[in-house]
Amino acid sequence: MRRKRWWVVGGAVVVVGGLVALNLAQRGADAKAVRIEEVGRRPIKTWVRAPGLVQPVVAVDISSNISGRVERLHVREGDVVRRGDLLLTLDDTRLRSTLAQYEAMQRAAQSQLALAEAQRELAAQVRARREDLHAQGLLSAEELDAARVDERVKTATVAAQRGEIERLRAARAEAERDLEESRFYAPIEGVVTAVNLEEGENVLIGTMNNPGTVILTLSNLGSMEVEARVNENDVVLVRPGQHADVTVDAQRDSTLVGSVVSVGKSGKRASQDEGAEFEVLVGIAEPPDWLRPGMSADVEILVADVDSALAVPIQALVARSERTVADWEERRARGETPAAARKAQASTEREGREEEPASKGEAGRLVTGIFVDLEGRARFQRIDLGARGETFVEVRGGLDADARVLTGPYKILRRLEDGERVKADRK
């Protein structure tokens, strides 16, 4: 009898154990296999990358204010010049002839002025004698008036002739300036980086709609910079003074050190379908001798640098609508599981009741967060992101330092819900 009782007790234990094992097995079968990583601290650097062109900080395009033919070029491309060195001369034959004409006209005007002043003095003497005769009653008033008018005419002639002399003096000064501008001197110390004309070719001056001829370009190669084109999504992170690494296509093995000098305030679009690009100037600290204007380069600007950041892998980030996250948080507060929530939703649908639709703003607003492993269940957490590196991103708030984060696979994270069972994928 006692043996029979032990058999009954043993059978009951086996049945209960089997049920427990079956339940655990079913739970394990329902759990989704995911990759889980522990949160850690690590340095994170955020870089903004952009293509660009090398150019000198100081570059002067030499153009002309007068038209003419290049008589002689005194420099060639690549020559080093000092400030004040003669660069080229234009044919000044016409300019010298014009200057000689104005000098002759000015001398003739001086002679005409002397004649007009003599005539004015004579008219003044005649007017004075006629006033005496008129006072003695020996001359009529009409004759006195004629003398006075003649004196005023001669005085006006003198003033007009002096004005003509001033005009000719200004014209002569302009002719002298044009003659001086036929000889071009270096305004800065640097290197001739471009020569666009040869001896015998004509130089044209610019107009309102047509730019003038750029004869040559002088550049100071001692200070170089890169004109980078930064996308509108990244330019908001760029500030003057930030560190930058510059890689030139001609020397891919060399990395030049630089810093941001200025950030453009207005963007340019290549087309309506493309985003705007902003001009960012990156100065190169010590430009090497092989660096030349016009070379293609890539810049990497360090916009964030955190020594010890609480970081998670970028692939762990997920986004859900504000309405979905709010529902999860409400369900979590009530202690409901995903299965219970689905059951309640099915009951609501059977009864013909409809839930209040989400507003357009709630439907369009996304919440960035991550899923953490909490005792075998996925728990969605809102987070505040900071610096973003190549593979990790800084979390500034909303995450514990000892949390276990779900990092994949993406096809599971994309559809994962708060509270679902998960297990570590051992593969």
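The structure this text deals with has already been given above.
Residues numbered from 1 in each chain as written. Predicted model: local features only at pLDDT ≥ 70, side-chain atom pairs only at ≥ 80, totals over all residues. Heavy atoms only, no water.

S.K.: I tried to follow the overall build of the chain on my own but got confused; where do I start?
M.R.: Regarding its fold elements, the chain presents seven helices and 22 strands. Taken across its 427 residues, the chain has 32% of its residues classed as buried. The long-range share in the chain, meaning contacts at least 24 apart out of those at least 6 apart in sequence, stands at 78%. Just so you have it, the chain exposes about 26,700 Å², and 49% of that area is on carbon and sulfur atoms. (Helix = DSSP H or I, 4+ residues; strand = E, 2+ residues; numbered from the N terminus. Buried < 20%, exposed > 50% of the residue type's maximum accessible area, 1.4 Å probe, protein only. Contact = heavy atoms within 4.5 Å. Areas by Shrake-Rupley, 256 points an atom, 1.4 Å probe, with all protein chains shown as cover.)

S.K.: I would appreciate a short explanation of the packing of aromatic side chains in the present structure.
M.R.: Aromatic ring pairs are defined here through the distance separating the ring centres and the angle between the ring planes. One pass over the structure, following the stated rule, counts three aromatic pairs. Judged by centre distance (6.0 Å) and plane angle (55°), the ring pair of W328 and F371 falls under tilted. Of the two residues, W328 is situated in helix α4 (residues 322-334) and F371 in strand β17 (residues 366-374); the sequence distance between them amounts to 43 residues. Since its relative accessible area comes to 6%, W328 is described here as buried. Seen from the ring of F392, R42 lies directly overhead, with NZ or CZ sitting 3.8 Å from the centre. (Phe/Tyr/Trp six-rings, centres within 6.5 Å; stacked < 30°, edge-to-face > 60°. Lys NZ or Arg CZ within 6 Å of the ring centre and 35° of its normal.)

S.K.: Even after reading the chapter, I still don't get the pattern of salt bridges, so can you show me in this structure?
M.R.: Charged atoms that come close allow side chains of opposite charge to pair. Tallied over the entire structure, the rule returns 26 salt bridges. Note that R323 and D327 form a salt bridge whose closest N and O atoms lie 3.5 Å from each other. Residue R323 and its partner D327 are both found in helix α4; the two are separated by four residues, about one turn of the helix. Overall, D327 belongs to the partly exposed group, its relative accessible area being 32%. One salt bridge in this structure joins D418 and R332, with 2.8 Å as the shortest N-O distance. Residue D418 is located in the loop between α7 (410-413) and β22 (422-424), and its partner R332 is located in helix α4; the two are separated by 86 residues in the primary sequence. For R332, a relative accessible area of 28% puts it in the partly exposed group. What emerges from the salt-bridge pattern is a single network uniting R127, E131, R148 and E151. (Salt bridge = Lys/Arg side-chain N within 4 Å of Asp/Glu carboxyl O.)

S.K.: What's the story with the sheet that holds strand β3 (residues 59-63) in this structure? I'm lost.
M.R.: In a beta sheet, neighbouring strands pair by backbone hydrogen bonds and run either parallel or antiparallel. Pairing is antiparallel across the open sheet formed by four strands, whose spatial order is β3-β10-β8-β5. Edge positions in the sheet fall to β3 and β5 (80-81), since each of these pairs with one other strand and no more. Where β3 meets strand β10 (residues 214-219), five bridges bridge the pair, whose relative direction is antiparallel. Within the sheet, the bridge partner assigned to S63 lies in β10 and is V214. (Pairing = 2+ DSSP bridges.)

S.K.: Looking at this structure, how should I read unusual backbone geometry?
M.R.: For residues that are not glycine, phi is negative in most cases, and the peptide bond is trans in most cases. A cis amide bond, omega 0°, links G408 with the succeeding residue P409. Note on placement: P409 falls in the loop between β21 (404-408) and α7. In the Ramachandran plot, E375 falls in the positive-phi region, its phi being about 55° despite a non-glycine side chain.

S.K.: How do you make sense of the side chain of D245 when you look at a structure like this?
M.R.: For D245, the location among the structural elements is in strand β12 (residues 243-248). The side chain of D245 is buried and forms no salt bridge, while K45, the nearest opposite charge, is found at 7.8 Å. A distance of 2.8 Å separates polar atoms of two side chains, one belonging to D245 and the other to H243. Ignoring any residue separated from it by four or fewer positions in sequence, one finds D245 in contact with W47, T255, L256, D298, V299 and E300. (Lys, Arg positive; Asp, Glu negative; His and termini not counted. Polar contact = N/O pair within 3.5 Å; in protein donor to acceptor, adjacent residues only side chain to side chain.)

S.K.: It is not clear to me how the pairing of strand β13 (residues 251-268) should be interpreted in this structure. Could you clarify?
M.R.: A regular strand places its side chains so that they alternate between the two faces of the sheet. Pairing of β12 with β13 involves six bridges; the strand directions are antiparallel. The partner of V248 across the bridge, within β13, is Q251. Note: β13 against strand β14 (residues 277-284), seven bridges, orientation antiparallel. By the bridge assignment, V263 is partnered in β14 with V280.

S.K.: Just to check I follow, could you spell out the sheet that holds strand β6 (residues 86-90) for this structure?
M.R.: Spatially, the four strands line up as an open sheet ordered β7-β6-β4-β9, and their pairing is antiparallel. Bordering the open sheet on either side are β7 (183-185) and β9 (202-203), each of which pairs with just one other strand. In this structure, strand β4 (residues 68-73) lies alongside β6, joined through three bridges in antiparallel fashion. By the bridge assignment for β6, V70 is matched with L90.

S.K.: Please clarify how the nonpolar core should be interpreted in this entry.
M.R.: Side chains of nonpolar character tend, in soluble globular proteins, to be buried together. Counting 26 residues, the largest nonpolar core has V238, V246, V280, L291 and I301 as its most contacted members. Where this core is concerned, the elements lending two or more residues are β2 (40-56), β11 (224-231), β12, β13, β14 and β15 (296-313). Once you skip the residues sitting within four places of it in the chain, V238 turns out to touch V48, V260, V263, V280, I301 and V303. Core analysis: the next-biggest nonpolar cluster, separate from the first, contains 23 residues, V81, L88, I188 and V192 among them. (Core = buried A, V, L, I, M, F, W, Y, C linked by side-chain atoms within 4.5 Å.)

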